[in-house]
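# Structural features, examined
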Amino acid sequence: MSLVSARGPKATVPLARWLAHNRGALIAAIVFALSLGVVDWVGAGPLTYFDVSFLSSGGATSAIAAMGQTLVVLSGGFDLSAGAVVSLVNVALASSMDPLAPGANVVLWTLAGIGIGMTVGAFNGFFIAWLRMQPIVVTLSTMFILQGVTLLVMDKPGGFVSPDLGSFYLGDAVPNLVPMPLAVIGVVLLMWLWLKGSRFGTALYAVGSDPDSAAAVGVSVVMVRFLIYVIAGGCYGLAGVFISAQTGSGDPLVGNPLLLSMFAAVVVGGTRLGGGQGGPTGTVFGAYILMMVVNILLVLNVSAYYSTIAEGTILILAVLAGSISRGSVLAVKLRAARSQFAAWRSGTLPAQLERVDRRMRIAPPTPSRPVTAPPLHVRYAETLRYALPAYICLVAIVIVTQLWLGRAILNPGYWNSLLVLSSFLAVLALGQGTVILTGGLDLSVPWTIGLCGIILAGMVNGSDVALAYALPTVLVMGLAIGFANGAGIVYLGISPIVMTLATNGILQGFALLYSQGTPAGFSSPMLRWFMTGRLAGVTPVVPFMLAFVAVAVLVLGRTPFGRRVYGVGNGVRAAQLSGIRVERTLILVYMLSSLCAAVVGVMLTGFSGQASLGMGDDYLLPSIAVVVVGGTLITGGRGHYLGMLGGVLLLTALQMLLAGTTLPYATRAILYGLVVLAAVMALRERRVQ
């Protein structure tokens, strides 16, 4: 089937319509020119060719990778694996090039990097396009799989990248006139313009705007989505080649900081989240705007720790600026607030009216025979169907542990360790699981954990007395972070993915500023005993975990709040018509998620005795994995906390089994990613699309 059924004659687009259609890219170009002027003004003198060449190389990696991300966003998706692809290409080149070889074939190594990226893109595209799985879950799982593979290739910075690669990509395309980075970006943009003018380009915008309508007119939606991820992967691979030319060596973490700046560049460049409007041209301007903002801060002697704060703030502001219209969420909320204020002034609010019982008088029902409640296995058949597999797999893992390592089934120490190590994810599962039940995702978990742990350790600094006021302070901070996330999503209309990703970057900057890059302080003895001590042969956190599980089951299953969460997850509009206060519920959901992350930050500080930068990074995918493995539908509306607990125990038991083997640490990340993909694929709803 062809991508599009037909194309009519090219219509003449009036100038006003063209300006409106390209408003985002034009605004980005104007802001870019102003930023360039500011750089020139704060610098030591007028910009020279050397300055232009330096600036062009500094933002090229982010710009090239962000162009690939733009294509994915145009199709209506998200790709969280982009930074991991850059890291993988970097270590692949650095570990493969021969330092004794006299030169390098630049074209060959460039094609190798692009090929790696396109292979990863085909992997993503297969699950997203052909198996119709959620892009967020697929690319997040791919990100962790690639991070594990990258660590297997190179577990620490090193390796060798031929200087020929740097000489080519960091040199001049036209001596003293056009730097090579700008020439590379120009070539990619020319390829985009050709692609945009083709039938595939038309299909891309059609799929991003309305996939159902695109399919109705003959667009092969599956093939378009698949090819988009392949092309985007090629851009990430080229970005990995470029950053390898810049660094001259390999670093398995080199691509991690690019994810936030990529999304910020896409949004600043005028591409609409959700698809159908924008393009890579504006993204290039957006990437260089972000790079120049960071450079301006450095020239003004502002700490580099502010860079992620600036990027996160710019991302939020850019989303707001791009959504300014009469029909935007913010505009609707402001009009509703104005109407409510006017009603309050006139005394016509429902709460201000006289309370009169206007209900219809209905005769009491006639007594009938009592209805016998169905047995438990019938009432909870659906919950058991999706949650029971996690417990069955848990039993299998415990048996394998007993047969392989011994001292498991009848060893109280094994079960105590299992429950202690499970306690972190058990707490996170309540918060992240509640967010997922509403159809969202909280990507701010890592640095909520990190910031709360760092601040707690700094305030306590080994004092049990200080814990009395430090603990409430940290928990209130967690609630405040969740409120900011929820308010941005509800009142500003920002996507949960974008809002929580931006918040995570902002929190990272605050953590770096507070600790100045080196966290100080350590856990109090009481908190340390709570996480690692013994009370009648059991670690004190174990009874806490059991009580927490009981409370979590009651909160989600037996309270009005829990029922509202499921109502929102099954359909926002239906929930509103049912009288559910959706806005309040969503804010409470994100506050609960951040509160759980803050509690885990406290627990990790007590467990390790101190806090560290990045202490929460290893908990993002597991917090999602345990929820999905426990049978919760990733799009919301279906799931049970006991199923999530089964996922927690299963993955923790699997982690303990692997820890007793000689397998490298990187396999855990790979395994988590594969488990999530398998669980989502096995438990996803079969819907006709």
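Placed above this text is the structure.
Summarised in this report is the structure supplied together with it. Treat the numbers as computed from the prediction; the structure is a model and nothing was measured. (Residues numbered from 1 in each chain as written. Predicted model: local features only at pLDDT ≥ 70, side-chain atom pairs only at ≥ 80, totals over all residues. Heavy atoms only, no water.)

What follows concerns the overall build of the chain. The helix and strand inventory of the chain stands at 29 helices and two strands. Each of the 689 residues in the chain was classed as buried or not, and the buried ones make up 50%. Summing over all exposed atoms, the chain offers an accessible surface of approximately 32100 Å²; the carbon and sulfur share of this is 67%. (Helix = DSSP H or I, 4+ residues; strand = E, 2+ residues; numbered from the N terminus. Buried < 20%, exposed > 50% of the residue type's maximum accessible area, 1.4 Å probe, protein only. Areas by Shrake-Rupley, 256 points an atom, 1.4 Å probe, with all protein chains shown as cover.)

Turning to the nonpolar core, a few remarks are in order. The biggest cluster of nonpolar side chains holds 191 residues, and the ones touching the most others in it are Leu165, Tyr169, Ile185, Ile449 and Tyr641. A per-element tally of this core places helix 18 (residues 412-437) first, with 13 residues. Aside from chain neighbours lying at most four places away, what touches Tyr169 is Val106, Thr110, Met180, Pro181, Val184, Leu238, Val241, Phe242 and Ala245. Counting residues in hydrophobic clusters, the runner-up holds eight residues, among them Ala575, Ile580, Val582 and Met591. (Core = buried A, V, L, I, M, F, W, Y, C linked by side-chain atoms within 4.5 Å. Contact = heavy atoms within 4.5 Å.)

Phi at Asn461 is positive, roughly 50 degrees, even though this residue is not glycine. Along the chain, the position of Asn461 falls in the loop between helix 19 (445-460) and helix 20 (464-490). In this structure, Gln516 is a non-glycine residue whose phi angle is positive, near 55 degrees. Structurally, Gln516 can be placed in the loop between helix 21 (496-515) and helix 22 (525-532).

It is worth spelling out the side chain of Thr500 at this point. Structurally, Thr500 is set in helix 21. Look at Thr500 and you get buried, because its relative accessible area is 0%. If sequence neighbours within four positions are ignored, Thr500 has contacts with Leu441, Asp442, Leu443, Ser444, Asn485 and Tyr590.

This part takes up helix 27 (residues 620-629). For helix 27, a buried count of 10 out of 10 residues is recorded, marking the element as mostly surrounded by other parts of the structure. Considered for burial, the residues of helix 27 that qualify are Leu620, Leu621, Pro622, Ser623, Ile624, Ala625, Val626, Val627, Val628 and Val629. In the segment just after helix 27, Gly631 is the residue with positive phi, at about 95 degrees.

To continue, consider a nonpolar patch on the surface. A grouping of Val395, Ile399, Leu403, Ile409 and Leu410 is seen on the molecular surface, where their side chains present a nonpolar patch of about 540 Å² in accessible area. The topology assignment puts Ile409 in the loop between helix 17 (381-404) and helix 18. (Patch = residues over 30% accessible without salt bridge, like charges linked within 9 Å, V, L, I, M, F, W, Y side chains within 5 Å. Salt bridge = Lys/Arg side-chain N within 4 Å of Asp/Glu carboxyl O.)

Looking now at the packing of helix 24 (residues 560-569) against helix 26 (residues 582-608). Interaxial distance between helix 24 and helix 26 falls to 10 Å at its minimum, and their mutual angle equals 105 degrees. It follows that helix 24 is roughly perpendicular to helix 26 by the angle criterion. Counting all contacts with helix 24, which are made through Phe561, Arg564, Val565 and Val568, the residues of helix 26 involved are Val582, Thr585, Leu586, Leu588, Val589 and Leu592. Here the contact of helix 24 with helix 26 is composed, by residue class, of eight nonpolar, one polar and one charged. (Axes fitted to C-alpha atoms, helices over the stretch in contact; angles between N-to-C directions. Parallel < 35°, antiparallel > 145°, perpendicular 65-115°, else oblique. Nonpolar A, V, L, I, M, F, W, Y, C, P; charged D, E, K, R; others polar.)

To describe two helices that pack against each other, one gives the angle between their axes and the distance between the axes. It is the contact of helix 2 (residues 23-42) with helix 13 (residues 280-299), at a shortest axis distance of 9 Å, that shows an interaxial angle of 25 degrees. Comparing their axes, helix 13 and helix 2 come out roughly parallel. The handedness of the crossing between helix 2 and helix 13 is left-handed. Contact residues: Ala25, Ala28, Ala29, Val31, Phe32, Ser35, Leu36, Val38, Val39 and Val42 in helix 2; Gly282, Phe285, Tyr288, Ile289, Met292, Ile296 and Val299 in helix 13. (Left-handed = near helix turned anticlockwise from the far one by under 90°.)

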